[in-house]
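Summary of structural features
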Amino acid sequence: MKIAVLVSGSGTNLQTLIEQLHQDETSGIDIAVVLSDRRKAYALTRAKRVGIPTHVVRTQDYENRLDFDAEISRVIEQYAVELIVLAGFMKLFQPPFVQKYRNRIINVHPTLLPAFPGAHPVADTLAYGVKIAGITVHFVDEDVDSGPIIAQSTVPVLDTDDEESLHNRIQVEEHKLYPQVIKWYAQGKLKIEGRKVIVKREN
Ligand code: GAR
């Protein structure tokens, strides 16, 4: 199965997808393209060094967000990908894009949704004082961090945590769960029933 990975930053999630899926022939998963909305995203370097094609599509180069989305769609179609994987991609899509790729866009968010959606999730988690943090992998719908939840994993918050230490602990879990969810998707194990996503397990 061909996937596109969309990034904005460092790309540690992309790195684990490269190592655990792309470079593992038994996974049957191929990262066909990495697309970034930032030229300087280090994730682009990670993709280039293993020969994965990269594209930069920036909002400021388009008149409006529909045109930005249309360019992303054009690139994705060029690579005939089945699944769009957001890995630290910090832009929101307009409804036509989400509708076109319904149930074919997934995201990883560094909180237990629906807690702390939005752009500063780890800072918001710490500021609220919760004792259990976590991560969520979900399908993308028209709203912010609100689509059907596929899988979640928990992480303790320590009294000594700052944003960096907590985010590092969260990322260890992201790097385990995100490749697993993509494998489930590729193996046809995810069944969506309204807001519920059932993971079909072997008996
Ligand atoms: C990840 O922790 C991911 O959960 C978060 O951005 C980070 C990207 O890290 N995504 C969001 O906050 C999306 N709302 P990475 O570039 O090292 O993979």
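Description of the structure in this document. (Residues numbered from 1 in each chain as written. Predicted model: local features only at pLDDT ≥ 70, side-chain atom pairs only at ≥ 80, totals over all residues. Heavy atoms only, no water.)

Moving on, we get to a negative patch on the surface. Negative charge collects at one region of the surface, where Asp124, Asp162, Glu163 and Glu164 lie side by side. If you trace the backbone, Asp162 turns up in the loop between β7 (149–156) and α6 (163–186). For Asp162, a relative accessible area of 42% gives the class partly exposed. (Patch = residues over 30% accessible without salt bridge, like charges linked within 9 Å, V, L, I, M, F, W, Y side chains within 5 Å. Areas by Shrake-Rupley, 256 points an atom, 1.4 Å probe, with all protein chains shown as cover. Salt bridge = Lys/Arg side-chain N within 4 Å of Asp/Glu carboxyl O. Lys, Arg positive; Asp, Glu negative; His and termini not counted. Charge placed at Lys NZ, Arg CZ, Asp CG, Glu CD. Helix = DSSP H or I, 4+ residues; strand = E, 2+ residues; numbered from the N terminus. Buried < 20%, exposed > 50% of the residue type's maximum accessible area, 1.4 Å probe, protein only.)

Around the ligand, the structure places 13 residues, and the nearest of them are Gly11, Thr12, Asn13, His167 and Glu174. Contacts to the ligand include Ser10, whose backbone N or O atom sits 3.5 Å from an oxygen atom. Elements that contribute at least two residues to the shell around the ligand include exactly α1 (12–22), β5 (105–109) and α6. It is α6 that contributes the most residues to the shell around the ligand, 3 residues altogether. Looking at the shell around the ligand, its residues break down into 4 nonpolar, 8 polar and 1 charged. (Near = heavy atom within 4 Å. Polar contact = N/O pair within 3.5 Å; in protein donor to acceptor, adjacent residues only side chain to side chain. Nonpolar A, V, L, I, M, F, W, Y, C, P; charged D, E, K, R; others polar.)

A few words now on the packing of aromatic side chains. Throughout the structure, instances matching the rule amount to 6 aromatic pairs. Their ring planes at 25° and their centres at 5.7 Å tell us that Phe89 and Phe93 sit as a pair that is stacked. Here Phe97 and Tyr101 contribute two aromatic rings whose centre-to-centre distance is 4.9 Å and whose plane-to-plane angle is 50°, an arrangement assigned as tilted. Comparing Phe97 with Tyr101 shows no difference in burial state: the two are buried. (Phe/Tyr/Trp six-rings, centres within 6.5 Å; stacked < 30°, edge-to-face > 60°.)

What follows deals with the environment of Pro96. With respect to the helices and strands, the residue Pro96 is situated in helix α4 (residues 95–100). As a C-alpha pair, Pro96 and Ser146 span 50 residues in sequence and 17 Å in three-dimensional space.

Glancing now at the pattern of salt bridges. Under the definition given, this model contains 7 salt bridges. For Asp37, the salt bridge goes to Lys91, with nearest N and O atoms at 2.6 Å. Taken together, the positions of Asp37 in the loop between β2 (30–36) and α2 (42–48) and Lys91 in the loop between β4 (83–86) and α4 put the pair 54 residues apart, joining distant regions of the chain. Here Lys176 and Glu173 are joined by a salt bridge, their closest N and O atoms 3.1 Å apart. Here Lys176 and its partner Glu173 are both found in helix α6, 3 residues apart, which amounts to about one turn of the helix.

Function cannot be read off these values alone, since they describe shape.
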